[in-house]
Amino acid sequence: MHPEDLAEKAAQFRAEDAAIKREVRVCMAASCQSSGAAPVLEALTQLCGDGGGTCRVKGVGCMGLCSAGPLVAVADKDCDLADSVLYRDVMPTDAPDIMRSVCGAPVERLRCPTDQPFFARQQRIVLENCGIIDPDSFKSYVAVGGYAALVKALSEMTPAEVLREVTTSGLRGRGGGGYPTGLKWSTVAKTPGAQKYVICNADEGDPGAFMDRAVLESDPHRVLEGMAIAGYAIGANKAYVYVRAEYPLAVERLQTALRKARGAGFLGNRVADTQFSFEVEIRLGAGAFVCGEETALMASIEGLRGQPRPRPPYPAESGLWGCPTLINNVESFANIAPIIRNGGDWFAGIGTEKSKGTKVFALAGKIQNTGLIEVPMGTSLRDIIEVIGGGIPDGKTFKAVQTGGPSGGCIPEQHLDIGVDYDSLKTLGTIMGSGGMIVMDDTSCMVDVARYFMEFCMTESCGKCIPCRAGTQQMHGLLDKIANGQGTAADLALLEELCEVVQATSLCGLGQTAPNPVLSTLRYFRDEYEAKLADG
Amino acid sequence: MAQPATPTVRVVTLRIDDHDLSAREDETIIEVCREHHIPIPSLCHLDGLSVWGGCRLCMVELEGQSRLYAACSTRVAEGMRIQTQSDRLRRYRHTILELLFAERNHVCSVCVSNGHCELQWLAQKCGVDHVRIPYRHVAYPVDSSHEMFRLDHNRCILCTRCVRVCDEIEGAHTWDVMNRGTDCRVISDLAQPWGNSDTCTSCGKCVQVCPTGALVKQGTSVGEMVKDQHFLPILARRRHLS
Ligand SMILES: Cc1cc2nc3c(=O)[nH]c(=O)nc-3n(C[C@H](O)[C@H](O)[C@H](O)COP(=O)(O)O)c2cc1C
Ligand code: SF4
Ligand code: SF4
Ligand code: SF4
Ligand code: FES
Ligand code: FES
């Protein structure tokens, strides 16, 4: 297929609803659905009827401000979220008022301002279509330029040129480690092997994280497009998406997207009428956090016990069934289409020196606006929490923000002005992780926080290696003792020693990073631990 | 003109502690150490079985790298400089052994493996004369249903040697591991009593490779369980060749 043919197709899809002027978009992503979006959509659809041919009601993906759901946006067609009239906490009984407002004055009692920093300060690349297009509609993805990057790569670029663009972009893995994506792709491309695989890691097990879920639920084709471009670049014709079974909606939308992309010839044999073939299959994870670790994930796809194995060999050399395998996170793949469309240099112009592009964060905890945001790398934590997140509710004061989930750490007030990127967070003793941000106010006890994460690691440890299996258990016991006011200085010393041993000797990332929440709270809030010691 | 055959595996030179050594590049650090009698503590590795990397006692330092490497799962490379003993490594090994003793119930004085146990022996080697880590004191079951052997979970360190020898050498795959974290337990068949196993051939290989008093012969009393693992490298080689 020639890029012009696709552009024509997109134009044709747009022409099909040229008569539509106004849209009522109902968020049908998981969070809004759980607060009752489905009956709202139904009521609105019924009232709208055929909308006189100029107005339509449609289900869309996550708009970001999940805490205010169900969200409904009334907008001109093709207009983005910030320029729409947004309604919050919508009930089915509000439908008549909302329908009246399509051509009239907004319903003030439901209104959620979109000129607030939560919307205005974001820069949406990964989430550009989230909350705007209908995730189940192949046509609406193509109408906004979907699959143009894949067709461009297949028809105008060699695999080496694709690799070069991805390398130039400076994109780093969004699954937590921040490994340069271009380097990973080139390594798999250069490894000899007749059969290679692409895997999309959608296991997303960090407590409080739902970035990948939102992308899959709101814009599934974008992930498939990124994967297909990867397959072309590294020479793989077979791919898997490993999604946790706890994400039924994401799985359903992904299945629909797969079916439609296949039907339209963008997946399967002879993708877009070229020599390139690419098959994608979905594999469901059974909810073990450790199965997000790449070697455990591959074991799980192979039908084995989901347990990590020593690396090297890395998946790039010996992955799925011993074949060279590229494994990337959902958000990493979601960045690929725009990079190919706009060029690596464009992407490299966003962000900081060593961390390019944007990052999606899931804001949670004691913060006004909980939900999903996307900001350029280098945005300060203060901006994210106080401006975009709207600060701490109920007149409380900020105490710390936890990033990186069970592998990360807490950042106190004095470091809030730092710009967020992979390296700055590391110097503060935490990690970027997959993008969870849990804000804590002055009522939180930091020993409790550390104990909570340690409990998570303890129950999620696969049990293969001794330091993690037995060490997390012992550390949890010591934290419990200290939190209950029965700990001694000797317990604290033992805790610190175990942190060091478990970090240095564990087999996989789970164990190696399990001490991080303890180490970082000790670094900034040691006095809280000491105040709780029985002999302190 | 005849070309000299290009060897597929190259030979490298490296330094382990103060020894300059040569090795094939497909060997792991622990294999080279064993060959040259350089002691490295290990509980899960066994010559003839696949690499597991679970006990983490074999961690060594590589010059120029801050992270540690498991000797059993790291291949040698040209010019590698390896430290097998340092204060840091000794301290870590000590703590890992303590974690093991605290995890289940090791009462050596009444154990059939007393005096012939790899865990006990390593603890002596590494100077673990007391345990600072609180004992968990959780009672685990004992499976005596097999007519010849017994499995005492209280002594199991989850090294999976039994699982691997049964699968890779005997070809029966009677053993596996169930659950996660400290709840892990080795099981026969689908968590059935060992004596009811359809797959167990009663070959006893698992008993011989078990480093502790977890898998033992019935009828042995304190200190009587002596194990013999000489069969393993020979059988493994035969398996490999066939
Ligand atoms: C315990 C553990 C859990 C992980 N969970 C995830 C996950 O849920 N999603 C993910 O993308 N990566 C996860 N990772 C990281 C993956 O191992 C891998 O590095 C990542 O998928 C690579 O993709 P990227 O380069 O695009 O980041 C996890 C790692 C560890 C150690
Ligand atoms: S670090 Fe923990 S999760 Fe990872 S292999 Fe070891 S026991 Fe399993
Ligand atoms: S298995 Fe070994 S360490 Fe454990 S009680 Fe028996 S002799 Fe002691
Ligand atoms: S029974 Fe013995 S060989 Fe099997 S895992 Fe336990 S300690 Fe290891
Ligand atoms: S789920 Fe509706 S806004 Fe996020
Ligand atoms: S011998 Fe290397 S981890 Fe057990």
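Residues numbered from 1 in each chain as written. Chains lettered and ligands numbered in written order. Predicted model: local features only at pLDDT ≥ 70, side-chain atom pairs only at ≥ 80, totals over all residues. Heavy atoms only, no water.

Looking at the site of ligand 4
Then, number 1: The full set close to ligand 4 counts 13 residues, and B:C156, B:C159, B:T160, B:C162 and B:C210 are the nearest of them.
Then, number 2: Here the residues of the shell around ligand 4 are counted per class, giving 10 nonpolar, 2 polar and 1 charged. (Near = heavy atom within 4 Å. Nonpolar A, V, L, I, M, F, W, Y, C, P; charged D, E, K, R; others polar.)

Quick word on the interface of chain B and chain A
Then, number 1: Residue-level contacts link 31 residues of chain B with 31 residues of chain A.
Then, number 2: Buried surface at the junction of chain B and chain A, summed over both partners, amounts to about 2700 Å²; 56% is from carbon and sulfur atoms.
Then, number 3: Sorting the residues of chain B by area buried against chain A places B:W52, B:L99 and B:R180 first, and these three jointly supply 23% of that buried surface.
Then, number 4: Counting across the chain B and chain A interface gives 4 salt bridges.
Then, number 5: Elements represented by at least two residues in the side of chain B that touches chain A include exactly α2 (87-103) and β8 (175-178) of chain B.
Then, number 6: The element contributing the most residues to the side of chain B that touches chain A is α2(B), with 9 residues.
Then, number 7: Counted by class, the side of chain B that touches chain A contains 16 nonpolar, 7 polar and 8 charged residues. (Contact = heavy atoms within 4.5 Å. Buried area = accessible area lost by both parts, 1.4 Å probe. Salt bridge = Lys/Arg side-chain N within 4 Å of Asp/Glu carboxyl O. Helix = DSSP H or I, 4+ residues; strand = E, 2+ residues; numbered from the N terminus.)

As for the domain arrangement of chain A
Residues and elements named next belong to chain A.
Then, number 1: Each assigned domain of chain A is listed here: domain 1 (18-120), domain 2 (146-348), domain 3 (358-441) and domain 4 (446-531).
Then, number 2: Contacts between domain 2 and domain 4 engage 12 residues on the former and 9 residues on the latter.
Then, number 3: Here domain 2 packs against domain 4, burying approximately 870 Å² in sum over the two surfaces, 73% of which is carbon and sulfur.
Then, number 4: When the area that domain 2 buries against domain 4 is broken down by residue, the three leading residues are P207, F289 and P308, summing to 51%.
Then, number 5: Taken together, the connections running from domain 2 to domain 4 amount to 0 salt bridges.
Then, number 6: Summed over the shared surface of domain 2 and domain 4, the result is 3 residue pairs in polar contact (both at pLDDT 80 or more).
Then, number 7: Across the side of domain 2 that touches domain 4, the residue classes break down as 6 nonpolar, 3 polar and 3 charged. (Domains from an automatic or database assignment. Polar contact = N/O pair within 3.5 Å; in protein donor to acceptor, adjacent residues only side chain to side chain.)

Digging into the pattern of salt bridges
It is possible for side chains of opposite charge to pair when their charged atoms get near one another.
Residue and element names in this part refer to chain A.
Then, number 1: Under the defined criterion, the tally for this structure stands at 46 salt bridges over all chains.
Then, number 2: A salt bridge links R25 to E23; its shortest N-O distance comes to 2.9 Å.
Then, number 3: According to the relative accessible area criterion, E23 is buried, its value standing at 2%.
Then, number 4: Among the ionic pairs, E386 bridges to R382, the shortest N-O distance being 3.1 Å. Of this pair, E386 and R382 both sit in helix α17 (residues 381-388), separated by 4 residues, roughly a single helical turn.
Then, number 5: Given the relative accessible area of 39%, E386 is considered partly exposed. (Buried < 20%, exposed > 50% of the residue type's maximum accessible area, 1.4 Å probe, protein only.)

What about the confidence of the model for chain B?
Then, number 1: The predicted model of chain B has a mean per-residue pLDDT of 94, with 96% of residues at 70 or higher.
Then, number 2: The ipTM assigned to the predicted complex is 0.94, against a pTM of 0.94. (pLDDT = per-residue confidence, 0-100.)

Here we look at the state of the cysteines
All names here are of chain B.
Then, number 1: Under the definition given, this model contains 0 disulfides over all chains.
Then, number 2: The closest cysteine sulfur to the non-disulfide-bonded C203 is located on C206, 6.2 Å from its own sulfur.
Then, number 3: Taking relative accessible area as the criterion, C203 reaches 36% and is therefore assigned partly exposed. (Disulfide = S-S within 2.5 Å.)

What to know about helix α12 (residues 248-263) of chain A
Residue and element names in this part refer to chain A.
Then, number 1: Between its first and last C-alpha atoms α12 spans 22 Å; for 16 residues at 1.5 Å apiece the expected length is 22 Å, and the two agree.
Then, number 2: Those residues of α12 lying buried are L249, A250, V251, R253, L254, T256, A257, L258 and A261.
Then, number 3: Taken together, the buried residues of α12 touch α2 (30-34), α6 (138-143), α10 (211-218), α11 (220-234), β7 (238-244) and β8 (279-285). (Expected span 1.5 Å × (residues − 1).)

Some details on the site of ligand 2
Then, number 1: Around ligand 2, the structure places 13 residues, and the nearest of them are A:C462, A:C465, A:C468, A:C508 and A:G511.
Then, number 2: Grouping the amino acids of the shell around ligand 2 by side-chain chemistry returns 8 nonpolar, 4 polar and 1 charged.

Description of the side chain of A:T181
All names here are of chain A.
Then, number 1: Mapped onto the elements, T181 comes out in helix α9 (residues 181-190).
Then, number 2: Judged by relative accessible area, which is 1%, T181 ranks as buried.
Then, number 3: Setting aside anything within four residues of it in sequence, one finds T181 in contact with V166, L171, R172, G173 and N328.

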